[in-house]
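Examining the three-dimensional arrangement
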Amino acid sequence: MLANDIGMVGLGLRREMLDDFIESPPGQVDFLEVAPENWLKMGGKFGKQFKQLTEKHTFICHGLSLSLGSPEPLDVEFVKSLKSFFKTHNIKLFSEHLSYCSGTGHMYDLMPIPFTEDAIKHVAGRIKQVQDILEQRIAVENVSYYAAPGQEMSEQEFTLEVLKQADCDLLLDVNNIYVNSVNHGYDAIEFLQAMPSERVVYGHVAGHYEESTSLLVDTHGADVCDPVWNLLDKAYNYHGLFPTLLERDFNIPSMSEVLSEVDIIKRIQSEFLAKSKGVA
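Residues numbered from 1 in each chain as written. Predicted model: local features only at pLDDT ≥ 70, side-chain atom pairs only at ≥ 80, totals over all residues. Heavy atoms only, no water.

Some words on the packing of aromatic side chains
Just so we agree on the cut-off: Each aromatic pair joins two rings of Phe, Tyr and Trp (for Trp, the six-membered one) with centres within 6.5 Å, and gets the label stacked for planes under 30 degrees apart, edge-to-face for over 60, and tilted for any other angle. In this description a helix means any DSSP run of H or I spanning at least four residues, a strand means any run of E spanning at least two, and both kinds are numbered starting from the N terminus. Only protein chains enter the accessibility calculation, which uses a 1.4 Å probe; a residue is then buried when its area is under 20% of its type maximum, exposed when over 50%, and partly exposed in between. Should the NZ of a Lys or the CZ of an Arg lie within 6 Å of a ring centre and within 35 degrees of the ring normal, that charge is described as sitting over the ring.
If you walk through the whole model with that rule in mind, you get 11 aromatic pairs. Ring centres 6.4 Å apart and planes at 85° place the aromatic pair Phe 31 and Tyr 202 in the edge-to-face group. Placement of Phe 31 in strand E2 (residues 31-34) and of Tyr 202 in strand E9 (residues 200-205) is noted, with a sequence separation of 171 residues between them. Each ring, one from Phe 85 and one from Phe 86, has its centre 6.4 Å from the other, and the planes form 65°; the classification is edge-to-face. Taking relative accessible area as the criterion, Phe 86 reaches 5% and is therefore assigned buried. Here the aromatic cluster, defined as three or more aromatic residues joined through ring pairs, consists of Trp 39, Phe 50, Phe 59, Phe 85, Phe 86 and Phe 94. Here the basic side chain of Arg 15 rests over the ring of Trp 39, its NZ or CZ set 5.7 Å away from the ring centre. The ring of Phe 46 has Arg 15 lying over it, and the distance from NZ or CZ to the ring centre is 5.4 Å.

This is how it looks when you write it as structure tokens:
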């Protein structure tokens, strides 16, 4: 867990934000998330700034290249380097995508894992192997996808069975649920309700691009839309309050604009707490 205070709000830290956080860290941000691949070998000015921040703030990591669904052997040396990095920077939690990005080479994209029984066993085994090496539980994120090759079951069934067989935690990406529900025509509320509350360790919200009314692209390059904010509110009602983080990967606006969305998360959390305590 990130902390005893489950009503925490986080922000994905990007290199463009470093100076702002060094000079004037915003008080409404409780924790920061980075992709470890972007910082493992970072030295010089950026490396020093990053260490300065991790010594003062709560950090978690969200991986990009563990490639949990890959048919190739797990990169054990990479996992060991992550373990060392987590110790150096006091990383509180590690999550990865329920996808793959490598085969005989690196694809530089997050590819959908086939929703099959064989894939469940394969992915669950790899997650267990990672957890054994790291000596800690990890969380996997429900991902956006645009095709489902060899599909034998629904995304919901696949996700639930991976979590069960791997005995790992869940990073609940609310935007991905919304994007997939539009692209694949399923009920976002039903999917959200089906997720196991006891495994949700934190959540993501982000913006996406509307290619058409029936095709959304998960870009993290726009403001969060109202349906996603509404789904986040529903998520708290179904699963209780959990730490929630804003992702913004490009088209990054001013820090004040980014923080205005962080403030929306805080407001939704505060309203949920007030309702749960019977405060009008």
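Re the environment of Lys 83
The criterion, for reference: Pairs of residues are marked as contacts when any of their non-hydrogen atoms sit within 4.5 Å.
Locating Lys 83 in the fold gives a position in helix H3 (residues 76-89). Residue class for Lys 83 comes out partly exposed when judged on its relative accessible area of 31%. Once the C-alpha coordinates of Lys 83 and Ile 133 are considered, the two residues, 50 residues apart in sequence, prove to be 7.9 Å apart. In this structure, Lys 83 is in contact with Ile 133, Leu 134 and Glu 135, ignoring residues within four places of it in sequence.

Remarks on unusual backbone geometry
One non-glycine residue, Asn 90, adopts positive backbone phi at about 55°. Turning to its location among the elements, Asn 90 is positioned in the loop between H3 and strand E4 (94-97). Its relative accessible area of 47% is what places Asn 90 among the partly exposed residues. Positive phi is not limited to glycine here, since Asn 251 has a value of about 50°. Note that Asn 251 resides in the loop between strand E12 (244-246) and helix H9 (255-276).

A few points about the sheet that holds E2
Quick note on the threshold: Whether two strands pair comes down to DSSP finding at least two bridges between them. Fitting a line to C-alpha atoms yields each axis, with helices limited to the stretch in contact; the angle taken between N-to-C directions then spans 0 to 180 degrees.
In space, the eight strands of this closed barrel follow the order E1-E2-E3-E4-E7-E8-E9-E12, with parallel pairing throughout. For this sheet, the mean inter-axis angle between neighbouring strands, taken without regard to orientation, is 30°. Note: strand E1 (residues 9-12) against E2, three bridges, orientation parallel. Pairing of Leu 11 across the sheet is with Leu 32, part of E2. Here helix H6 (residues 174-184) sits on the sheet and contacts strand E7 (139-141), strand E8 (169-173) and E9; the angle it forms with E8, its principal contact strand, is near 65°. Helix H8 (residues 226-239) rests against E8, E9 and E12 of the sheet, and its axis sits at about 170° to E9.

Some words on the pattern of salt bridges
Put simply, the rule is: By salt bridge we mean one thing: a side-chain nitrogen of Lys or Arg within 4 Å of a carboxyl oxygen of Asp or Glu.
Evaluated as defined, the whole model comprises 10 salt bridges. In this structure, the salt-bridge partner of Arg 248 is Asp 223, at a minimum N-O distance of 3.0 Å. Of the two residues, Arg 248 is situated in the loop between E12 and H9 and Asp 223 in the loop between strand E11 (215-217) and H8; the sequence distance between them amounts to 25 residues. With a relative accessible area of 7%, Arg 248 lands in the buried category. With a shortest N-O distance of 3.8 Å, Asp 233 and Lys 275 are connected by a salt bridge. Taken together, the residues Asp 233 in helix H8 and Lys 275 in helix H9 connect sequence positions 42 residues apart. On the accessibility criterion, Lys 275 (47% relative accessible area) is partly exposed.

A closer look at the packing of helix H2 (residues 44-54) against H3
What counts is decided by this rule: Any residue that is not Ala, Val, Leu, Ile, Met, Phe, Trp, Tyr, Cys, Pro, Asp, Glu, Lys or Arg is counted as polar, Gly included; the first ten are nonpolar and the last four charged.
Two elements in contact, H2 and H3, have axes whose closest approach is 9 Å; the angle formed by their N-to-C orientations is 65°. In contact with Phe 50, Lys 51 and Thr 54 of H2, H3 contributes Phe 85, Thr 88 and His 89. By residue class, the composition of the contact of H2 with H3 is two nonpolar, three polar and one charged.

Looking at the pairing of E2
Counted only if it meets this: Note on handedness: a clockwise path from strand one over the helix to strand two, with the strands aimed away from the viewer, defines a right-handed crossover.
What you see with E2 is no split at all: Phe 31 and Glu 33 on one side and Leu 32 and Val 34 on the other are buried throughout. Pairing geometry for E2 and strand E3 (residues 58-62), over four bridges, is parallel. Bridge pairing links Glu 33 to Ile 60 in E3. Considered for its hand, the β-α-β crossover made up of E2, H2 and E3 is right-handed.

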